[in-house]
Structures are given as structure tokens and as C-alpha cells.
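Descriptive analysis of the structure
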Amino acid sequence: MGNKRKYIFLINTVGGSAGGQLYLSAKIDWLQKEGYDVEVLYFDPTPITIENLKPFENGYVRNLEFRFALMSPKDRRETFEKVSTDWNIYNEIIIESFSIEMSLWGEYFASQCRGKHICYFLCETYPSNITPSIREFLEFKLNQGLLYGITPKSIPSIFPEADGDETTLLAHGCVREAEDLPLPGGLKLKEDAFTVLSIGRLEKPYIPELWEEVKHFAESTGINVNFIIVGSTKQRRIYKRLHSITETSPHLNAMYLGEVFPMPKKIFEISDVFAGCAGSARMAQKQGIPVISVDANDHKAIGILGETTDSALYRKEHEAPLPLNQLLKVIYNERDRRREERKNYKTEKTKFDFSRHKEVIEKQFKKEYYPVDKVRNGKLFTFVYGSIKKIGGNNLLYAVKKLKQHLS
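Here is a short report on the structure shown in this document.

Definitions and cut-offs
- Residues numbered from 1 in each chain as written.
- Predicted model: local features only at pLDDT ≥ 70, side-chain atom pairs only at ≥ 80, totals over all residues.
- Heavy atoms only, no water.
- Helix = DSSP H or I, 4+ residues; strand = E, 2+ residues; numbered from the N terminus.
- Buried < 20%, exposed > 50% of the residue type's maximum accessible area, 1.4 Å probe, protein only.
- Contact = heavy atoms within 4.5 Å.
- Lys, Arg positive; Asp, Glu negative; His and termini not counted.
- Charge placed at Lys NZ, Arg CZ, Asp CG, Glu CD.
- Phe/Tyr/Trp six-rings, centres within 6.5 Å; stacked < 30°, edge-to-face > 60°.
- Lys NZ or Arg CZ within 6 Å of the ring centre and 35° of its normal.
- Pairing = 2+ DSSP bridges.
- Axes fitted to C-alpha atoms, helices over the stretch in contact; angles between N-to-C directions.

Okay, the overall build of the chain next. The number of helices and strands found in the chain is 12 helices and 11 strands. Projected onto its principal axes, the C-alpha positions of the chain cover 65 × 50 × 40 Å. Taking all 408 residues of the chain together, 53% fall into the buried category. Sequence separation of 24 or more characterises 71% of the internal contacts of the chain that already satisfy a separation of 6 or more. Charged side chains of the chain number 58 positive and 53 negative; the gap between the two group centres comes to 5 Å.

Set out below in C-alpha cells:
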């Protein structure tokens, strides 16, 4: 039979082209070269846009959308049996989960197949209301050396005693190459305007304040601004709120492009500045465009990436929060010089190094598992959703959740 190895990802969705999907895409390529059979399990059927993720479309599992503690032992067992039909032929099984809720399913699956479960949370911020039982589970994974975040501040934000460097894995793949493609439709640029670019899912917490700052810059200076917005959201409430920011200013020419993948080089070439954080900020920096990085926690500007700061996600202790509109003024006043300098800018191809990930995969592991059946949701959540489930089972629970998402 040989040494057959399986690697299983638990992610909310394989659709779209956000940071999680880009990382997933890059890591799958690497794992397959390493000889792993890869499987991806998800619950959100957003259309798949990244080519090498399309073969995993059949990994949809509806029950993964529900909180693990809400599912009965029978539900959990049936879910495991549905996804694990061929797992018994493998000598080694690794499970990697991308969120706190998915990690409970990941630990349960690992306990059933005697595999290793790595919690690798790709979120930029964590909820403040983690229940005591979930905290206890996460502490168990921390002590196993199987709890990781995307920055040295990630896991210590939950456990201050955790070693930030030891609990960090870089999410390779989030910074992709822009390609020689035509500009997307919907771009109607005003001539002689200052062009600001924003890329990111519209439900990200820092987005409203960023947009308000762009609007404030335009209105306080009287400068016409082309505001190119790349990103989308399924939540109508968020879209309406954001649209109300941009529609009332005569100096702001907002262009909503939705999701764009792959990203055309020309979209950076026509922009004077990028404002945002994380992988999209690094991508813009690679294209030679001035980047104002924003802190994912306090939503204030950190600085100009590569010039006054090297932080793309969280500010360092010595870095003071800055009003983003002030940095826009700095870039605007220097835009002629910066445009001239960019004419000779050459990008370097990104290389992904998964050696640290390989260390985590191969590190010694005692086959001990947390009893996730002990994990509990908050009392109010348990009462509301438990009552719905008692009335109509999982089908009603699923219908109510979809209705809530539709109305949000």
C-alpha cells in the first residue's frame, strides 16, 4: 500500500479570492508536490474563481455551517461518516482548520480518524466573547504546539503568555502577482483627479472608517478623488451603509468593481495610492504604488508601507495611530514625483516558502484529543438556536440561518 498521506482543510468557503482562498490555493500546490492527497471541506457555496480550487467543489458539507456544540452526537457522527469514506486507506491524516468554530469540527474528525489536527486561524482579529470551554480547548491546542495565527500578535491576543513568534505561520499565497490583463468594466475615471485604490472584502471592520477618511480628504481639500473599490459582500446592510458614505460627496467618484481576480497590473498603474492592510497592502506595495497601511485593530493608519513603517496589519508599540486623510495629503502633494519614479519600477516574482509549515506538519505528536463534546456555546445562543432546532430540526435551523444572512 505504501505511505499514503492525506491533508484535509476545513474552511468556510473555497469560493472567491480573499486571503484564505489564496493561501489555500498556494498550499495545495505545495502539498501535492510533497505527495499528499488533498481534500477541502466547506459550507459556503460561493462560486469558485481560483482555478486549482475548482476540483474541490464536491467538498460542500452543510452541517459544518452549524456550531459544533449545537449538533447532536448523531449529527456529528453522520457528518464524519459522510466525509471520511476513504480516510481508512491512509497511513497519515493531517487536518488544518481555519477558524475557531471549524477547529471544533477538526478536533472531532481527528479524534475519529486518529489524525493530527492543526488550528491555523487566518482571521485578523478574534472575538472578545470566547466562552470558557472554547478557551480551555484552545489552551489544550496551544500546549500541544498546534495552535497558530498569521502574526506574532494573533495567539497572544487570546493567551498573553503565548510566544508570538512560535505561534506564527505566514499565510503564503495571500500576496499574488498582478497580471497583464485589461481593466475591468465599470471604471469611469475623472481626469486630473487623485486616484485612491481599496481592495478587500467589504465586511472587514476597518473598511467603513477607511472610506470615511477618503471622503473627509476629498471634502476638506476640495480635491476630486477617483475611489476604486475592489471587493464585495453578501450582506446588504453593509453594502447600503458603505454606499451611503460615498454617494453624498460631489468630490468623490466611487467605482464599485466587485470581486476582481486575477488582478490586472493596470489597476495599480492608474492609481496614485492604495489604502488598506494585510495581503492586499503587500500586493500593492509589490506593484510600486504608495501604500498607506491600516491597523486591523484600531482601524487607524500606521504609516506609508516601506517608508515610514514595515507593518501591514498591526502597528508596533512605538507607532502612533495616524489619521489616514493626513497621509493622503502627503501622497497627494508628492504625487508628481512619485508618478515619475514609478515609471522605472520593476516587480519581483513572489516565492512561497512552506518550510516552517513543513516543520509543524512533521513535528512529533501524541495522539491525544480534547473532548470537544464538552464545549458549550453562550447561554443565549444555546437557548435561541436550541429552541429552533427542537421545533424543526436541522432543516429549520438552516432555513433560519439563511434568512438571517439574507436580511443582514
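Applying the stated criterion to the full structure yields 23 aromatic pairs. Considering the side-chain rings of Phe68 and Trp105, the 5.0 Å spacing of their centres and the 90 degrees angle between planes classify their relative orientation as edge-to-face. Taken together, the positions of Phe68 in the loop between β2 (37-41) and α2 (73-83) and Trp105 in helix α3 (residues 100-113) put the pair 37 residues apart, joining distant regions of the chain. The pair Phe68 / Trp105 is uniform in exposure class, with both members buried. With 5.6 Å between their ring centres and 55 degrees between their planes, Phe194 and Phe217 make a pair best called tilted. Of this pair, Phe194 sits in strand β6 (residues 194-199) while Phe217 is found in helix α5 (residues 207-221), placing the two residues 23 residues apart along the sequence. In terms of burial, Phe194 and Phe217 fall into one category: buried. An aromatic cluster of three or more residues is present, and its members are Tyr7, Phe9, Tyr23, Tyr36, Phe98 and Tyr120. Just above the ring of Tyr36 sits the side chain of Arg5; from NZ or CZ to the centre is 4.0 Å.

Of note, Arg237 is situated in helix α6 (residues 236-246). Assessed through its relative accessible area of 52%, Arg237 is described here as exposed. Through-space distance from the C-alpha of Arg237 to that of Lys215 is 20 Å; in sequence the pair is 22 residues apart.

Pairing is parallel in the open sheet, where five strands are placed in the order β2-β1-β3-β4-β5. With one partner strand each, in any of the chains shown, β2 and β5 (147-148) form the two edges of the open sheet. Strand direction decides the pairing type here: strand β3 (residues 92-97) and strand β4 (residues 116-120), joined by four bridges, are parallel. Paired with Glu96 across the bridge in β4 is Ile118. The sheet strands contacting helix α4 (residues 132-144) are β4 and β5, and the helix crosses β4 at an angle near 110 degrees.

All quantities given are derived from atomic positions and should not be read as evidence of function.
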